[in-house]
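Summary of structural features
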Amino acid sequence: MKTKFIFITGGVLSSLGKGLAAASIGALLQTRGLKVTIQKLDPYINVDPGTMNPFQHGEVYVTEDGAETDLDLGHYERFLGIHMSQSSNYTSGKIYETVINKERRGDYLGGTVQVIPHITDEIKRCVLSVAKDDEDVALIEIGGTVGDIEGLPFLEAIRQLKNDLGKENVLYIHLTLVPYMRAAGELKTKPTQHSVKELRSIGIQPDIILCRSEVPLPADLRDKIALFCDVDRDAVFSAVDVKSIYEVPMEFYREGVDQKIAILLKLPAKNAELDSWKELNRRINNPKGRCRIGIVGKYVDLKEAYKSLHEALIHGAVFNEVSVELEYVNSEEITPKNVEKRLKNLDGILVPGGFGSRGIEGKITSIKYARENKVPFFGICLGMQCAVIEYARNVLGLDKANSQEFDEFTPDPVIYLMTEWYDFRTKKVEKRDGASNKGGTMRLGSYPCKIVKETKAMEAYGESKIEERHRHRYEFNKKYAEALHKAGLVLSGTSPDEELVEMVELPGHPWFLGCQFHPEFKSNPMRPHPLFREFIRAATLQAKGR
Ligand code: GLN
């Protein structure tokens, strides 16, 4: 195998931006003409993040093939422009599940099953499986922080890989924090020294140290870290805080991170070609206008829960050369009485995806406001479902219309649980367990959608056959299609067999569109998603008209 492996670990504390660092290094290596792949290993016990609470863990990122993964994979796709898959994210839970299933099958022939070698071998198998396509480089990010008990088998596995693959094929990068002590006016290297000591006690000597800090590291501190941590002097890099995450690859380039990696791994790399990143940052830094978008949702206190959405809105703004101000509005606080006061300063209203009945009425009230006051509206997944409920109640006059998710016995289930449907991905009829509301029954991953001519959807995409990613249980109930259509709701996107409604919109409104899928997962700074592009365009016009 010609693929070289770069392992990225983190020290001192979490939230240092290891995922972004990994994604930026990957993007930078790509600009040098290298083929790059990337993977995340998460030490927690959940088999996948699908069941984890977004309040705690942030967004669940969905891949083309329907894996529910860590939100760092979103950064990877956005920075590298490559598709992640089931094999891009492994957790301890998933690794143990495989090993325990093998044990139950008798694969270990009665032997004692242990962390070393059985768990570590399975981890190594997963790591090596990521390089399928003759990639030049595979970046492997280890979640958590060095010193965590659950991270040990992963660190042991990547330690072993240096011997397995040969030291010329493996590189360890350690990301740490160099805190700035304001009172003393000093940067402190001690936490970094301790973190590297911890890593070395497990047998891993980092080759490169990336130091997150508020201000750039002066030369003498780099020397000190090099000395105490036993790395080359030119392998200690400053990762200073930047305004936009899209500056990170350029910042790393200025520091020479890619150059050092190329030298240490003897990569056949040409000079970095950074034009598209420069152009992206030029646009971000020189907006010609602005607009203000309200995100009416439930997870407003944890922005990480809407990570991809946030980025997709920025991509749309970058395309339109405007800046976008995002206001998170707690839908539980919206009532018919205060809706105007709360939303009147917004140029666009977005109702994102979500689960459960909390805050639903506030979302529906906000959508009514957007529809009646001709404020650009974008409903995503649950947001589209709420738009359909709102239309059925307030325009069709079915005042008890609802989704079966919120009212199992509603007389008008305009959004319902389909128990049988043809799955265009698996190419067979899938059955959903109508009684269960947990796990296993979601429509997940990429599905085809057919777009109707002369609609806003068509205007945005410019083609009639598209594919988008899903993550939901409930669907638009076709029984109500004709009545809603007659009342003015345009069903602008459907599954190829027209059984599932994937997009709805309103003519005679500046921009009012709902989609059953999650377009935010496919948006990229270099290729903003068409729906976000058009939504921001409409919101910018709205802002100008004020
Ligand atoms: N809760 C809704 C469903 O399961 C919507 C899900 C979502 O917005 N991702 O269908």
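Read on for an overview of the structure.

On to the sheet that holds strand 17 (residues 413-417). Pairing in this open sheet of three strands is mixed, and the strands run 16-17-22 from one edge to the other. Of all the strands in the sheet, the pair left with one neighbour each is strand 16 (402-403) and strand 22 (474-476). In this fold helix 15 (residues 382-394) packs onto strand 16, strand 17 and strand 22, with an angle of close to 145 degrees to the strand it touches most, strand 17.

Another aspect to go through is helix 4 (residues 92-105). Taking 1.5 Å of rise per residue, 14 residues should cover 20 Å, and helix 4 covers 20 Å from first to last C-alpha, within 8% of that figure. Among all positions in helix 4, only Ser92, Gly93, Ile95 and Val99 are buried. Here the buried residues of helix 4 occupy an arc of 160 degrees about the axis, which is enough to place them on one side. Across helix 4 from its buried face, at more than 90 degrees, point the exposed residues Arg104 and Arg105. For helix 4, the secondary structure elements touched by its buried residues are strand 2 (36-42), strand 5 (89-91), helix 5 (115-129) and helix 6 (152-165). Within two residues after helix 4, Gly106 carries a phi angle of roughly 85 degrees, on the positive side.

Before going further, it helps to spend a moment on the site of the ligand. As a matter of local geometry, the ligand sits amid Gly353, Gly354, Phe355, Cys381, Leu382, Gln385, Glu405, Arg471, His472, Arg473, Tyr474 and His518. In this structure, Gly354 approaches the ligand through a main-chain N or O atom, which is 2.9 Å from an oxygen atom. Between the ligand and Tyr474, the relevant distance is 2.8 Å, taken from an oxygen atom to a main-chain nitrogen or oxygen of the residue. When the ligand sits alone it has 300 Å² of accessible area, and the protein chains cover 99% of it. Every element with two or more residues in the shell around the ligand is listed here: helix 15 and strand 21 (465-472). Taken together, the residues of the shell around the ligand break down into four nonpolar, five polar and three charged.

Calculation notes
Residues numbered from 1 in each chain as written. Predicted model: local features only at pLDDT ≥ 70, side-chain atom pairs only at ≥ 80, totals over all residues. Heavy atoms only, no water. Pairing = 2+ DSSP bridges. Helix = DSSP H or I, 4+ residues; strand = E, 2+ residues; numbered from the N terminus. Contact = heavy atoms within 4.5 Å. Axes fitted to C-alpha atoms, helices over the stretch in contact; angles between N-to-C directions. Expected span 1.5 Å × (residues − 1). Buried < 20%, exposed > 50% of the residue type's maximum accessible area, 1.4 Å probe, protein only. Arc of directions from axis to C-beta. Near = heavy atom within 4 Å. Polar contact = N/O pair within 3.5 Å; in protein donor to acceptor, adjacent residues only side chain to side chain. Areas by Shrake-Rupley, 256 points an atom, 1.4 Å probe, with all protein chains shown as cover. Nonpolar A, V, L, I, M, F, W, Y, C, P; charged D, E, K, R; others polar.

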